[in-house]
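The residues making up each chain are set out below.
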Amino acid sequence: MGSTYLLKVRIFLKPLTPFLHNGSSSLSTPKTSVRESQLPLSVRFLCTRDSKANTSSRQTKIKNSGQSVERKNAVRRREELLWDNDGLGRSKTPTLRQRPSFPKSVFAAGTAKRTAEMFMRKSALGSQNEGQHAEEAEARTRTAERIQPPDRPLSAADWKKLKESLGNSERFVIQMMGVLFHAGADLDIAKSLLTFEAIETGTLSYELLLRYLTLCVSGGHDNEVFDVYDIMRGSFPSLETGASSLFIKSFSRTARWREAIVILHELKKVFIPSQRNYSDVITAAMLHSDKTTAWALYDESIEKGLSPIQETWDALFKGERQTGKEKGIEAQGMSQAEIQERLFGILLNMRNNQIYPEQSLASSIKTWFESLPEEKWTGSWTTAPLKGVCGCCGSALESIQLTDEEYHQLKGRVMSDIIEGKDVFKKTTPEELQRFKAFVKKKPAFDVVVDGLNVANLNKDKSKQSETLLAVVSELQSQGLSVLVLGRKHMLRPSRFWERCNMDLIRQKAHCFFTENISEDDPFLLYATLHSGNHCKFVSRDLMRDHKACLPDGATRQLFFKWQRGHQLVVDGFVALGRRVRFQSIPSYDTIVQHTADSWHLPYDDTEDRSSYEVPQRWLCLAKKH
């Protein structure tokens, strides 16, 4: 049953219908002095329904800071235990000594956030920011203290007194409804506020009803939403996007979910609904076993160019899990084979677009596989393997190294879109670029290309820049590698930063090319690395995000990211002349959804700390038993 409260408000507002200003975003009537005593007795007691505010969803979002710190410390201790003894032995083919501690890679999920927090703690700016955050928090507290929501429903007279005490603002009711929403206040308090507004103005504006609707939907008060829907449908010629989306969300959670499809179709007459709108209805259809409607809406969203969200995929896997339990019984015209093919298609979509399922979706995928009739799949949770072999099923994962075809495709794209792109001469000159190409052509293929300035700045002591660079070059040269160092001409001028003796030694141990001081090194670094062949690696802390963005399409950008993770060396730890230099390890496998006839391997997100250029460290292994 809907709320008797809103039914009474609707009855009360019915005589005022001629005064409603249709066609605008708010309802406006001339100010009337409707007194509470003039209202019907039933309207004076609107807030009689006992509604419990649903605040648990907000509380669950609050993280325990102590547990977070303890978890980070545990991760740090685990990473420290992964220190290798002395790297790989010398062989005929020069190999780089690396720590096999991929969880500490710059591409590992959460690394960027941990690094930022570390620098924040170490810098003086951190304390200033903390002070600034404290001031902002204090300001928010003062604002919250100024407008505190009541802890119980108020009479119209009490609301009027509160409004006058806060300056008698014309937007008092709108602002207070926002305060009630953010405070997760009891719904009866919001109802009493609506009563006050109806008494004061004789109407309820579109904006106020929209805010009340938001409060109802977020709190799970779907029966109240039905009443708001009837009022807004009867009072306004049309609904805008926000209200329509809220109604779709709420109706989709109830037995009246098919009405959400009607609202969705009405939206399509004006513009393309959001993927969230589709997801809500698809979820409802799967929950009520109308799989034909669910898949039809899913196909429609794809045809409209919308990218599915993970909640949609989660609903499809959860809904079809029951089909699997039906032991092959066909459901609404779709055979088990068709369903299986469609869900496999979702996994291939993740692979092709380098999408990582969140842990909840990964759990639904695991359960669906294990529920398949006549097939014996076993799902296991595991970590990123160090040697490219799954620790659960023993399968070898796909290599991080590009095939010859992929390499030549990427090389051509980088050369045309980055090295010779329209913006390249903002970073260098045509003459310098040609001079560099001629230099590289005369040299043998390099094994490693070093971004000299980037590496030199690893040491916080800027007086040791040349010493730091020399230490890294010496390490690479001692491993029998052919090294190219890219630098700038100012590095050749003797100074306390760039000592002549260190620079002379660097030039003895490696090939060197020094650009003009205004030039950027990255295009030269990419050119030399790709020109030398698929084996060549480069040393830099620069994550090349700007250069990846220059590439024309998602597939090429993903290829670049794969090549980068397989070829970029990042110095790990403290660097000093005379001490061993370590590099973060490069994984032998690609972090992407993978499959064979008898297995699927899905890297999945188990953290909210992963940046877009980072990859997960947790995997779901799905293996078929014979």
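Residues numbered from 1 in each chain as written. Predicted model: local features only at pLDDT ≥ 70, side-chain atom pairs only at ≥ 80, totals over all residues. Heavy atoms only, no water.

1. Section: the overall build of the protein chain
Thinking step 1. Each helix and strand counted, the protein chain has 26 helices and 12 strands in total.
Thinking step 2. Expressed as a percentage of its 626 residues, the buried residues of the protein chain come to 47%.
Thinking step 3. By sequence separation, contacts in the protein chain at least 24 residues apart represent 74% of the contacts at least 6 residues apart.
Thinking step 4. Element-wise, carbon and sulfur atoms account for 52% of the exposed surface of the protein chain, whose accessible area totals about 31200 Å². (Helix = DSSP H or I, 4+ residues; strand = E, 2+ residues; numbered from the N terminus. Buried < 20%, exposed > 50% of the residue type's maximum accessible area, 1.4 Å probe, protein only. Contact = heavy atoms within 4.5 Å. Areas by Shrake-Rupley, 256 points an atom, 1.4 Å probe, with all protein chains shown as cover.)

2. Some words on helix H10 (residues 206–219)
Thinking step 1. Between its terminal C-alpha atoms H10 stretches 20 Å, which fits the 20 Å expected from 14 residues at 1.5 Å a residue.
Thinking step 2. Of the residues making up H10, those classed as buried are Tyr206, Leu208, Leu209, Tyr212, Leu213, Leu215, Cys216, Val217 and Gly219.
Thinking step 3. Phi for glycine 220, located one or two positions after H10, is positive at around 75 degrees. (Expected span 1.5 Å × (residues − 1).)

3. What about the pairing of strand S5 (residues 511–515)?
Thinking step 1. Of all 5 residues that make up S5, 4 are buried, and the element is covered over most of its length.
Thinking step 2. Looking at chain direction, strand S4 (residues 483–488) and S5 are connected through 5 bridges and run parallel. What sits directly across from arginine 488, in S5, is threonine 515.
Thinking step 3. Taking the sense of rotation as the criterion, the β-α-β connection linking S4, helix H23 (residues 500–509) and S5 turns out right-handed. (Pairing = 2+ DSSP bridges. Right-handed = clockwise from strand over helix to strand, strands pointing away.)

4. As for the sheet that holds strand S11 (residues 599–604)
Thinking step 1. As summarised here, the arrangement of the 4 strands in space is S2-S12-S11-S10, forming an open sheet in which the pairing is antiparallel. Of all the strands in the sheet, just strand S2 (377–383) and strand S10 (594–595) have a single pairing partner and so form its edges.
Thinking step 2. Sheet analysis places S10 next to S11, joined by 2 bridges and oriented antiparallel. Residue pairing for S11: histidine 595 is matched across the bridge by tryptophan 600.

5. Some words on the sheet that holds S5
Thinking step 1. If you trace the 5 strands from one edge of the open sheet to the other, you get S5-S4-S3-S6-S7, paired in parallel fashion. For this open sheet the edge positions go to S5 and strand S7 (568–569), each flanked by a neighbour on one side alone.
Thinking step 2. In the packing of helix H24 (residues 522–532) onto the sheet, the strands contacted are strand S3 (448–451), S4, S5 and strand S6 (537–539), and the crossing angle to S3 comes to about 175 degrees. (Axes fitted to C-alpha atoms, helices over the stretch in contact; angles between N-to-C directions.)

6. Concerning the environment of alanine 255
Thinking step 1. For alanine 255, the location among the structural elements is in the loop between helix H12 (241–251) and helix H13 (258–268).
Thinking step 2. In this structure the C-alpha to C-alpha distance between alanine 255 and histidine 288, which are 33 residues apart in sequence, comes to 8.8 Å.

7. Some thoughts on the environment of alanine 471
Thinking step 1. Mapped onto the elements, alanine 471 comes out in helix H22 (residues 465–478).
Thinking step 2. Separated by 106 residues in the primary sequence, alanine 471 and leucine 577 have C-alpha atoms spaced 4.8 Å apart.
Thinking step 3. Other than its neighbours up to four places away in sequence, alanine 471 contacts Val575, Ala576, Leu577 and Val581.

8. Comments concerning helix H26 (residues 554–567)
Thinking step 1. Here H26 is 14 residues long and its end C-alpha atoms lie 20 Å apart, about the 20 Å a rise of 1.5 Å per residue gives.
Thinking step 2. By the criterion of burial, H26 is predominantly enclosed, with 10 of the 14 residues buried.
Thinking step 3. When we look at burial in H26, the residues that qualify are Thr556, Leu559, Phe560, Phe561, Lys562, Trp563, Gln564, Arg565, Gly566 and His567.
Thinking step 4. Where H26 is buried, its residues contact helix H19 (404–419), H24, S6, helix H25 (545–549) and S7.
Thinking step 5. Among the residues of H26, the N-terminal cap falls to aspartate 553, whose side-chain oxygen and the backbone nitrogen of alanine 555 are separated by 3.2 Å. (Polar contact = N/O pair within 3.5 Å; in protein donor to acceptor, adjacent residues only side chain to side chain.)

9. Description of the nonpolar core
Thinking step 1. Phe247 and Phe369 are the most contacted members of the largest nonpolar core, which totals 83 residues.
Thinking step 2. Non-local contacts of phenylalanine 369, meaning those with residues more than four positions away in its chain, are made with Phe344, Leu347, Trp377, Trp600 and Leu622.
Thinking step 3. Counting 29 residues, the second largest nonpolar core, distinct from the first, contains Val440, Phe524, Leu526 and Trp563. (Core = buried A, V, L, I, M, F, W, Y, C linked by side-chain atoms within 4.5 Å.)

10. With respect to the confidence of the model for the protein chain
Caution applies to low-pLDDT parts of the model: their predicted coordinates are not meant to be read in detail.
Thinking step 1. In this model, the protein chain carries a mean pLDDT of 80, and residues with pLDDT of at least 70 account for 76%.
Thinking step 2. The model gives residues 11–93 a pLDDT under 50, and that stretch makes 113 contacts with residues more than four places away or in other chains.
Thinking step 3. Per-residue pLDDT stays below 50 along residues 323–331; that stretch engages in 15 contacts with residues further than four places along the chain or on separate chains. (pLDDT = per-residue confidence, 0-100.)

11. Section: the packing of helix H20 (residues 430–442) against H24
Thinking step 1. Viewed as axis vectors pointing N to C, H20 and H24 meet at an angle of 25 degrees, and their least axial separation amounts to 11 Å. When the interaxial angle is binned, H20 and H24 end up roughly parallel. In this structure, the crossing between H20 and H24 has a hand that is right-handed. Contacts between H20 and H24 pair Glu432, Leu433, Phe436, Lys437 and Val440 from the former with Phe524, Tyr527, Ala528 and His531 from the latter. (Parallel < 35°, antiparallel > 145°, perpendicular 65-115°, else oblique. Left-handed = near helix turned anticlockwise from the far one by under 90°.)

12. Remarks on the packing of helix H9 (residues 187–201) against H10
Thinking step 1. Viewed as axis vectors pointing N to C, H9 and H10 meet at an angle of 170 degrees, and their least axial separation amounts to 11 Å. By the angle between their axes, H9 is roughly antiparallel relative to H10. On H10, the residues that touch Leu187, Ala190, Lys191, Leu194 and Glu197 of H9 are Leu208, Tyr212, Leu215 and Cys216.

13. Considerations on the packing of aromatic side chains
Thinking step 1. This structure, assessed with the given rule, holds 25 aromatic pairs.
Thinking step 2. When the ring of phenylalanine 317 is compared with that of tryptophan 368, the centres are 5.5 Å apart and the planes differ by 75 degrees; the resulting orientation is edge-to-face. Remark: tryptophan 368 occurs in helix H18 (residues 359–371) and phenylalanine 317 occurs in helix H16 (residues 310–325); sequence separation between them is 51 residues.
Thinking step 3. Clustering of aromatic rings is evident, with ring pairs tying together Phe317, Phe344, Trp368, Phe369, Trp377 and Trp600.
Thinking step 4. A cation over an aromatic ring shows up here: arginine 256 above the ring of phenylalanine 226, its NZ or CZ 4.1 Å from the ring centre.
Thinking step 5. For arginine 565, the ring lying beneath its charged end belongs to phenylalanine 561, and the centroid distance is 4.6 Å. (Phe/Tyr/Trp six-rings, centres within 6.5 Å; stacked < 30°, edge-to-face > 60°. Lys NZ or Arg CZ within 6 Å of the ring centre and 35° of its normal.)

14. Quick notes on the pattern of salt bridges
As a working rule, side chains carrying opposite charge can pair if their charged atoms are close by.
Thinking step 1. In total, this model carries 24 salt bridges according to the counting rule given.
Thinking step 2. Residue glutamate 259 pairs with arginine 256 through a salt bridge whose shortest N-O separation is 2.7 Å.
Thinking step 3. For glutamate 259, a relative accessible area of 28% corresponds to the partly exposed category.
Thinking step 4. The exposure class assigned to arginine 256 is partly exposed, which follows from its relative accessible area of 29%. (Salt bridge = Lys/Arg side-chain N within 4 Å of Asp/Glu carboxyl O.)

15. Looking at unusual backbone geometry
Thinking step 1. Even without being glycine, serine 289 reaches a positive phi, approximately 65 degrees.
Thinking step 2. Residue position: serine 289 is located in the loop between helix H14 (275–287) and helix H15 (291–303).
Thinking step 3. Since its relative accessible area comes to 32%, serine 289 is described here as partly exposed.
Thinking step 4. One non-glycine residue with positive phi stands out, namely methionine 544, at about 60 degrees.
Thinking step 5. For methionine 544, a relative accessible area of 1% translates into the label buried.

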